[in-house]
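Reading the structure
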Amino acid sequence: MDDRKKNIYDYCGCEDTIIPFVWRGAFIAKICGIEIPDDMNFICMSEKEYNEFASEQYSDALAHLLIMYGSGFIGYENARDLSKDAAKYSEEIYAAERFIIRQSEKDEKEQVTQELVEKIFLCTVNSKKYPEMQTVTFDIAQRLCEGPYTVIRNGFVFVKDVGFYTLLVNVGESMGCFHADKLSVYTGNQCMSGISAENIEKELFPPKEEKDEKERSGEKKKAEKKEEKFPELPFLLNLVNICYIQDIYGKPYSVEFIAYAKANNIPFDDNFAREYDRYVREQKLRVTVSATAKKRNICGEPANWFDYCTTKYLDKKIVIDEAYDLTEQIDLFGKVNKEIKLNDEFLIDTALNGFIEEHTLTDNTVIEVTFCGKKYLYLFKINGNEKIPLESEKFRRIPFDYNNVWTTVMEWSRSKLIQKKGNEIVVPESEMEKIAEPDREYAKRMIEEQYSLKKSDNRMLQKLSELKSYAKSQMDLKEQQAALKKERKKGIQEDNNK
């Protein structure tokens with residue numbers, strides 16, 4: 001019998017594989033007088049499992065991975081699969097360990113389960129393994145694992161809410177599926193095939209079977225896990241995007257903002273929700289309202305810009321100003337209840353009503369609301385506080401050749417060809433034929449309006465730029481408001497005197 005004791009280096013002299021380093025760690029513990037406490041529970045490998053690891057290249061990451069296995073935070077199969085590339089996933093392994101250590105400092109009721117830690121860890125590994133996926137940190141993966149709309153299965157993130165899933169498809173988020181162990185990327189309608197609330201429930205939350213819980217003497221319980229069935233559903237690829245989209249899901253204009261964020265390179269990060277708030281305030285809660293009073297009655301019905309605009313007579317031509325009499329920007333922030341489900345119609349109506357309440361408008365005032373770059377036009381009727389929608393393009397399109405009509409009417413006036421016969425104002429038929437037939441009715445109204453102004457003011461024919469409806473020349477909207485208020489006040493005083 002050979003009583004010669006073996007040398008330490010017979011076990012740890014070679015440093016090519018994991019086993020010599022395992023021995024080295026054991027010897028260091030022995031040399032330092034460290035023994036495993038009796039109250040320590042951990043999982044031990046079987047001889048077969050041990051031998052499967054024996055030929056793996058040593059790395060510090062692999063040593064940490066083995067500790068995670070021994071402490072029950074990763075199953076043997078997953079540890080074995082990762083052992084070959086442990087160094088490649090060192091950042092993910094260390095991040096998981098840091099999380100586990102932080103968890104150990106909390107009360108047991110506040111700690112995340114070992115199963116959940118493994119799901120989160122495998123998600124971070126897969127996000128690095130597949131180039132089609134966005135790489136995520138342990139913290140982001142944890143938020144996806146514990147999120148209200150997502151779950152992790154087999155290290156991949158699936159959507160458990162059909163509404164949230166539909167939103168992601170609508171905003172262009174791609175999905176992934178495996179075919180013959182190869183990851184395929186789905187987009188658009190491909191992602192919606194077979195998706196329903198029932199199917200999601202069936203694939204992600206199958207009925208659970210009760211497990212026998214067998215304790216091993218002196219060892220931590222080694223769970224006999226059945227291999228998790230891979231859900232037959234598309235899984236998420238842009239994990240970072242989805243993490244932050246969850247924060248604004250269900251809020252007004254969230255879909256619009258996500259598309260806006262992508263188009264304007266707004267990053268999906270911790271500032272994403274604040275950017276959403278800013279977008280809603282600047283793009284949705286700031287509304288521009290303009291108004292202009294009717295100044296002449298040339299075009300008749302329907303309302304037309306020519307009867308409302310301000311004009312100038314320059315170089316024998318009429319120059320039409322595009323501006324309204326009054327323009328005001330209304331900030332609805334703080335004026336709308338955040339609990340109300342906001343929409344375009346509600347915000348436009350709120351801004352419009354607020355403008356009308358703050359200003360004394362004349363009958364038939366035209367109001368334009370500019371909301372998110374779009375213009376909405378209304379004809380305001382004092383009676384009944386009615387707001388009649390107008391078509392902006394039709395309103396702005398002047399229906400006659402106003403410069404030609406104006407020049408011709410002025411020539412008739414200078415030549416004294418305009419005459420009053422009874423209650424009618426007429427010009428010779430031969431002269432009227434100089435104007436295109438569709439424009440003649442506008443010429444007649446122009447003559448009638450000028451005659452009305454001349455008669456009431458005893459003034460010479462007015463330039464068209466000075467014409468105001470109902471014989472009130474050169475009075476802008478604010479002056480009309482002041483005059484109307486004055487009349488109302490006068491009426492109240494007279495009633496009091498009576």
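Here's a quick rundown of the structure. Computed from a predicted structure; not experimentally measured. Per chain, residues are indexed from 1 in the order of the written sequence. Thresholds applied to this predicted model are a pLDDT of at least 70 for local features of residues and 80 or more for the giving and counting of side-chain atom pairs; totals over whole chains, interfaces and linings are not thresholded and use all residues. The side-chain quantities take in all heavy atoms of the structure and omit both hydrogens and water.

1. Looking at the environment of Ile-152
Strands here mean DSSP runs of E at least two residues long; helices mean DSSP runs of H or I at least four residues long; both are numbered from the N terminus. By the element assignment, Ile-152 lies in strand S1 (residues 150-153). On the basis of relative accessible area, Ile-152 is assigned to the buried category, the value being 1%. Along the sequence, Ile-152 and Ala-141 sit eleven residues apart, while their C-alpha atoms lie 8.6 Å from each other. Ignoring anything within four residues of it in the chain, the contact list for Ile-152 reads Lys-119, Ile-120, Cys-123, Ala-141, Cys-145 and Val-157. Here's how the labels work: a residue is buried when its accessible area is under 20% of the maximum for its type, exposed when over 50%, partly exposed in between, all with a 1.4 Å probe on protein chains only. We call two residues contacting when some pair of their heavy atoms lies within 4.5 Å.

2. Points about the side chain of Asn-364
With respect to the secondary-structure elements, Asn-364 resides in the loop between helix H14 (344-358) and strand S10 (365-371). For Asn-364, a relative accessible area of 18% corresponds to the buried category. Engagement of the side chain of Asn-364 in a polar contact is seen with the side chain of Lys-381, the distance being 2.7 Å. Setting aside residues no more than four positions away along its own chain, Asn-364 makes contact with Lys-294, Tyr-308, Leu-379, Phe-380 and Lys-381. Here a polar contact is taken to be a pair of N or O atoms separated by no more than 3.5 Å, where protein atoms must pair a possible hydrogen donor with a possible acceptor and residues adjacent in sequence count only if both atoms sit in side chains.

3. Considerations on unusual backbone geometry
Cis geometry marks the peptide bond from Glu-301 to Pro-302; its omega dihedral reads -5°. Relative to the elements of secondary structure, Pro-302 occurs in the loop between strand S6 (286-292) and strand S7 (311-314). Unlike most non-glycine residues, Asn-364 shows phi in positive territory, near 65°. Even without a glycine there, the phi angle at Cys-372 is positive, about 55°. Summarising the element assignment, Cys-372 is placed in the loop between S10 and strand S11 (374-381).

4. Some details on the sheet that holds strand S3 (residues 175-179)
Reading across the sheet, the three strands line up as S4-S3-S5 and stay open at both edges, with antiparallel pairing between neighbours. At either end of the open sheet lies a strand with only one pairing partner, and these are strand S4 (182-186) and strand S5 (235-236). Two strands pair if DSSP finds at least two bridges between them. Judged from the two bridges that link them, S3 and S5 form a sheet pairing that is antiparallel. Counterpart to Met-175 in the pairing with S5 is Leu-236.

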